[in-house]
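# Coordinate analysis (summary)
Read off the chains here:
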Amino acid sequence: MLQTRIIPPAENAHDTPLLLKRLLLSGIRYEKTREIVYRDLVRYSYATFNERVARLANVLSEAGVKAGDTVAVMDWDSHRYLECMFAIPMIGAVLHTINIRLSAEQILYTMNHADDKFVLVNSEFVPLYKSIEAQLTTVEKTLLLTDEAEKTADLGNLVGEYENLLAAASPRYDFPDFDENSVATTFYTTGTTGNPKGVYFTHRQLVLHTLAEASVLGSLDSVRLLGTNDVYMPITPMFHVHAWGIPYAATMLGLKQVYPGRYDPELLVQLWQKEKVTFSHCVPTILQMVLNAKAGQGLDFGGWKIIIGGSALNRSLYQAAKARGIQLTAAYGMSETCPLISCAHINEELLAGSEDERITYRIKAGVPVPLVEAAIMSADGKLLPADGETQGELVLRAPWLTMGYFREPQKGAELWEHGWLHTGDVATLDDFGFIDIRDRIKDVIKTGGEWLSSLELEDLISRHPAVREVAVVGIPDPQWGERPFSLLVLHDGQVLDAKGLKEHLKPFVEQGHINKWAIPSQIAVVTDIPKTSVGKLDKKRIRTDIAQWQAAGSAFLSTL
Ligand code: AMP
């Protein structure tokens, strides 16, 4: 240990812990009257918001929730969820954001595993909750969230309905200080293999993440992505990595916030228009749905800045959004990382270059944000050169990464092998500091002794004008080990077969972007590509579907 100088604090000096309550208190200082909006149903000021957080804290405390307890929420994106994101951790309890898109069996697993004591259930999920209620081992009480006139439901040990309870509660609560290393939130990974794993984040981690996120989005890059005059609407679920932590940043800055409830692309477009939304974030598939929404046809989305993450952003989607006035910026992160790790930054050198080159960089995973260290590691734990060429597993260090998996010490140790968090992503790091994600390790296609990036091939195929959506996976091949297989959704009225796709890809082979084995010898044209609970391509399901189609000689298939 270095012998650095540590000066003991003066007597009476206050050591301020980094707690979420401090983020809440700053937003109202800036903008007391600014609005928080829920669909076309509710709007209120920051002053009311702060009072409601205090009321909720009183309701929960009176219902018996104590510091250290886990309180779970089953809801779509709402003002009530935002209130839970503050009130629950601020009384020292842990907020479990339930992924309501998992199967009932997996939800049951996560709720028992997380030790949920108290559950807030949106009336839409009452049937789902009822289907697992008898097998819940730790839940003591429930509370109903609803937009309906009917303010009760058949839930075991129901304390009451949210709005009624809030109305009757005191609008003051003296939120205590406590250790900033207390766990504030937990949720489960959406992995498609095995049981979901619990990640968890402390107040200190969330506060540092919020400060870094706000400073990056507010000051880096040629265009300020998030400032106090922006109007924020999330389009990634609050149950998944706290909607990327942006509700915390938006609240800290006192931004107008718009919560859209269950995602309906038509309503999203209407809310965008009516509330004058300027900043959102989503995964590529949701953006595609918004672009396709009927309500948006013929509309110029000018002034809408959207962060795209969660999956690779391809050039075609970037350009399609740009043609409609939307400015996209790619970012990278994962459940284990709170999530922000990197965000595209177009520095002076790139600004001076061509538009084409700038797009190439805008759609990469971006440059690690302040306080994040990123490196590339070989399978035997050696750090590899950041030369833009050498591929290896992306590994990370930052103050806001989950320190393990809840109650799974062995898996936690594997996550942190060699003292770095392992992402499971193959990447390169280049001279500009950019991370380029080549693939998930398990999705890389190993064909004829070469490694082929399914993401790269998806990007090249997406440039075909007939292609609306694409997924590429490796399928077993007796001769080559694996061969790429492509699943396509085409624009209305378009046709494309395996031969047409080959013609499209040939120039990329000739220019050396891909080798000739990268051309799929078989494709399937479908109307829908399977997605995971958070809207990403579900490659495990896709592989199973393909095997079934091949066994049945399905008519979807087109072969060279
Ligand atoms: P999840 O934990 O479900 O949020 O998934 C995290 C994974 O999504 C990462 O490990 C990546 O494989 C993928 N991902 C997230 N952002 C990007 C990005 N910008 N480009 C490519 N893949 C991404």
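Residues numbered from 1 in each chain as written. Predicted model: local features only at pLDDT ≥ 70, side-chain atom pairs only at ≥ 80, totals over all residues. Heavy atoms only, no water.

The next point concerns the domain arrangement of the chain. Looking at the assigned domains, one finds that the chain contains domain 1 (20-202), domain 2 (203-371) and domain 3 (445-559). One C-alpha centre belongs to domain 1, the other to domain 3; they are set 41 Å apart. Counting from both sides, the interface comprises six residues of domain 1 and, opposite them, five residues of domain 3. Of the roughly 420 Å² buried at the junction of domain 1 and domain 3 (both faces included), carbon and sulfur atoms supply 61%. For the pair domain 1 and domain 3, the interface holds zero salt bridges. (Domains from an automatic or database assignment. Contact = heavy atoms within 4.5 Å. Buried area = accessible area lost by both parts, 1.4 Å probe. Salt bridge = Lys/Arg side-chain N within 4 Å of Asp/Glu carboxyl O.)

For the rest of this paragraph, the subject is the layout of surface pockets. What the second largest pocket holds in volume is close to 440 Å³. Along the walls of the second largest pocket sit 25 residues, with Arg101, Thr285, Ile286, Met289 and Gly535 positioned nearest its centre. No other element matches helix 11 (residues 284-292), which puts five residues into the lining of the second largest pocket. Of the residues contributing to the lining of the second largest pocket, the split by class is 10 nonpolar, eight polar and seven charged. (1 Å grid on protein atoms, 1.4 Å probe; cavity = no way out; pocket = protein on both sides within 12 Å on 5 of 7 lines; lining within 4 Å. Points joined across faces, edges and corners; volume = space filled by probe spheres on them. Helix = DSSP H or I, 4+ residues; strand = E, 2+ residues; numbered from the N terminus. Nonpolar A, V, L, I, M, F, W, Y, C, P; charged D, E, K, R; others polar.)

On to the site of the ligand, then. Close to the ligand lie 15 residues, the nearest being Ala331, Ser335, Asp425, Arg440 and Lys536. Contacts to the ligand include threonine 190, whose side-chain N or O atom sits 3.2 Å from an oxygen atom. With respect to the ligand, the side chain of arginine 440 contributes an N or O atom lying 2.5 Å from an oxygen atom. Protein chains bury 89% of the 500 Å² of accessible surface belonging to the ligand in isolation. Put simply, the parts of the chain that give the shell around the ligand at least two residues each are strand 14 (327-333), strand 20 (421-429) and strand 21 (435-440). Sorting elements by how many residues they give to the shell around the ligand places strand 14 first, with three residues. For the shell around the ligand, the residue count by class is five nonpolar, seven polar and three charged. (Near = heavy atom within 4 Å. Polar contact = N/O pair within 3.5 Å; in protein donor to acceptor, adjacent residues only side chain to side chain. Areas by Shrake-Rupley, 256 points an atom, 1.4 Å probe, with all protein chains shown as cover.)

Moving on: helix 16 (residues 454-462). For helix 16, a buried count of eight out of nine residues is recorded, marking the element as mostly surrounded by other parts of the structure. Taken together, the buried positions of helix 16 are Ser454, Leu455, Leu457, Glu458, Asp459, Leu460, Ile461 and Ser462. (Buried < 20%, exposed > 50% of the residue type's maximum accessible area, 1.4 Å probe, protein only.)

Now for empty space enclosed by the protein. A water-sized probe rolled over the atoms picks out the places where empty space is left. In total, this model carries one cavity of 30 Å³ or more according to the counting rule given. Estimates place the volume of the largest cavity at around 190 Å³. Lining the largest cavity are 17 residues; nearest its centre among them are Trp244, Ala331, Tyr332, Gly333 and Pro339. Put simply, the parts of the chain that give the lining of the largest cavity at least two residues each are helix 7 (203-219), helix 8 (241-244) and strand 14. Element by element, the count of residues in the lining of the largest cavity is highest for strand 14, at three residues.

Moving on, we get to the side chain of histidine 203. Within the element layout of this structure, histidine 203 appears in helix 7. Judged by its relative accessible area of 1%, histidine 203 is buried. Setting aside residues up to four positions removed in sequence, histidine 203 forms contacts with Leu18, Leu19, Leu20, Pro89, Met90, Phe178, Glu180, Ser182 and Ala184.

Let us look at the pattern of salt bridges. Pairs can form between side chains of opposite charge whenever their charged atoms are close. Under the definition given, this model contains 33 salt bridges. With a closest N to O distance of 2.7 Å, glutamate 83 and arginine 52 form a salt bridge. Of this pair, glutamate 83 sits in helix 3 (residues 79-90) while arginine 52 sits in helix 2 (residues 46-62), and the two are 31 residues apart along the sequence. The class for arginine 52 is buried, based on a relative accessible area of 11%. Salt-bridge contacts for lysine 531 lead to glutamate 469; the nearest nitrogen and oxygen are separated by 3.0 Å. One end of the pair, lysine 531, is in the loop between strand 26 (522-525) and helix 18 (539-552); the other, glutamate 469, is in strand 24 (residues 467-477), and 62 residues separate them in sequence. For glutamate 469, a relative accessible area of 14% corresponds to the buried category. Beyond isolated ion pairs, a larger network of salt bridges with shared partners links Glu35, Arg43, Lys256, Lys274 and Glu275.

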